[in-house]
Amino acid sequence: HKFQKKKKIFLSNFSLIFFEWHFKFFCIVNDIVLINVFNIVSLQKAAKENKIDVIYDLLSKLDKIPDFCFKRSDKLRKIVIPPSIKSIGDRSFYECYSLTHVFVPSSVTSIGDFAFGRCFSLTQITIPSSVTSIGYYAFSECSSLRKISISPFVASIKGGLFNACTSLTKISIPTSVTSIGNYAFRGCSSIAQISIPSSVKEIEKNAFPLSIKIKKI
């Protein structure tokens, strides 16, 4: 039998560099994923036990509260967000039925879609002026929320933002706002009157319930 000679494979310097970079990138990405999974699991465990200090310490290692992070954490009653956090992810506190108070630091610039949706017990939340974006239905069905101040740098009140906030009695729309989305204040039955600044150029369908008296300023 004749044996064929094995061909030698030569890699260029570029190929070696690319392979090395790709391998390192793969390892880094997987390390980040593992770290994030570990953090989320630890945060959820602390939330189930309502360990506020532990949650604060764990969040201090992150710059974003991950999407769905505390979803349906029934034991969580109060949350103080550390200054390392820049954004609050989508549905991060969704359906935290026992949550009553939230402190948002001035480091936060964005609040995701449905972030605090269906937090039925939420009565108080501080939104700093650093926040420039608040997502769709972010406070939808927060039926115990009585008062909230919108950051003076928010450009849009997005659809469903305060949908069914039945205890909300007063809200001020800042002059930075240029549009108000669908169902933004639908079901806000305790608001008798709302003033809309001249900066608002667009109001979408069913933004307000018929019971609210709208005053343009």
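Before any of the text, the structure's been laid out above.
Here's a quick rundown of the structure. Just so it is clear, the structure is predicted and the values come from calculations on it, not from any experiment. (Residues numbered from 1 in each chain as written. Predicted model: local features only at pLDDT ≥ 70, side-chain atom pairs only at ≥ 80, totals over all residues. Heavy atoms only, no water.)

Before going further, it helps to spend a moment on the sheet that holds strand S1 (residues 64-65). One open sheet holds the four strands; their spatial order is S1-S3-S5-S7, and the pairing between them is parallel. Across the chains shown, the open sheet's two edge strands, defined by having one partner strand only, are S1 and strand S7 (133-134). Relative to strand S5 (residues 110-111), strand S3 (residues 87-88) is paired through two bridges, and the arrangement is parallel. Paired with Ile88 across the strands is Ile111, a residue of S5. (Pairing = 2+ DSSP bridges. Helix = DSSP H or I, 4+ residues; strand = E, 2+ residues; numbered from the N terminus.)

A few words now on unusual backbone geometry. The phi dihedral of Asn50 is positive, around 55 degrees, even though this residue is not glycine. Owing to a relative accessible area of 22%, Asn50 belongs among the partly exposed residues under this scheme. Not every positive phi belongs to a glycine, and Glu95 is a case in point at roughly 60 degrees. Along the polypeptide, Glu95 turns up in the loop between S3 and strand S4 (101-103). For Glu95, a relative accessible area of 5% corresponds to the buried category. (Buried < 20%, exposed > 50% of the residue type's maximum accessible area, 1.4 Å probe, protein only.)

What follows covers the packing of aromatic side chains. Applying the stated criterion to the full structure yields nine aromatic pairs. A ring pair is formed by Phe93 and Phe116, whose centres lie 5.0 Å apart and whose planes are at 5 degrees; its orientation type is stacked. Here Phe93 is found in the loop between S3 and S4, whereas its partner Phe116 is found in the loop between S5 and strand S6 (124-126), with 23 residues between them in sequence. Classification of Phe93 by relative accessible area gives buried; the value is 0%. According to the relative accessible area criterion, Phe116 is buried, its value standing at 0%. Seen from their ring centres, Tyr94 and Phe114 are 6.0 Å apart, and the 85 degrees between their planes marks the pair as edge-to-face. You can see Tyr94 sitting in the loop between S3 and S4 and its partner Phe114 sitting in the loop between S5 and S6, a full 20 residues away along the chain. The ring centre of Tyr94 lies 4.9 Å from the NZ or CZ of Arg91, which sits over that ring. Between Arg186 and the ring centre of Tyr183, over which it is positioned, the NZ or CZ distance is 4.3 Å. (Phe/Tyr/Trp six-rings, centres within 6.5 Å; stacked < 30°, edge-to-face > 60°. Lys NZ or Arg CZ within 6 Å of the ring centre and 35° of its normal.)

This next bit is on the sheet that holds strand S11 (residues 179-180). As summarised here, the arrangement of the three strands in space is S9-S11-S13, forming an open sheet in which the pairing is parallel. Looking at the sheet topology across the chains shown, the edges are occupied by strand S9 (156-157) and strand S13 (202-203). Relative to S13, S11 runs parallel, the two being bridged by two bridges. Bridging from a neighbouring strand, Ile180 pairs with Ile203 of S13.

Moving on, we come to the nonpolar core. Ranked by size, the top nonpolar core spans 56 residues in total, and within it Phe93, Phe116, Phe139, Phe162 and Phe185 carry the most contacts. Broken down by secondary-structure element, the contributors of at least two residues to this core are helix H1 (13-48), helix H2 (52-59) and strand S12 (193-196). Discounting chain neighbours no more than four positions away, the residues touching Phe116 are Ile88, Phe93, Leu99, Val102, Ile111, Leu122, Ile125, Ala138, Phe139, Ser140 and Cys142. (Core = buried A, V, L, I, M, F, W, Y, C linked by side-chain atoms within 4.5 Å. Contact = heavy atoms within 4.5 Å.)

Evaluation of the coordinates by the stated rule reveals six salt bridges. Note that Glu49 and Lys45 form a salt bridge whose closest N and O atoms lie 3.3 Å from each other. Judged by relative accessible area, Glu49 falls into the partly exposed class, the value being 38%. With a shortest N-O distance of 2.8 Å, Arg118 and Glu95 are connected by a salt bridge. Of this pair, Arg118 sits in the loop between S5 and S6 while Glu95 sits in the loop between S3 and S4, and the two are 23 residues apart along the sequence. Among the residues examined, Arg118 registers a relative accessible area of 22% and is labelled partly exposed. Here the residues in one salt-bridge network are Arg72, Glu95, Arg118 and Glu141, joined through shared partners. (Salt bridge = Lys/Arg side-chain N within 4 Å of Asp/Glu carboxyl O.)

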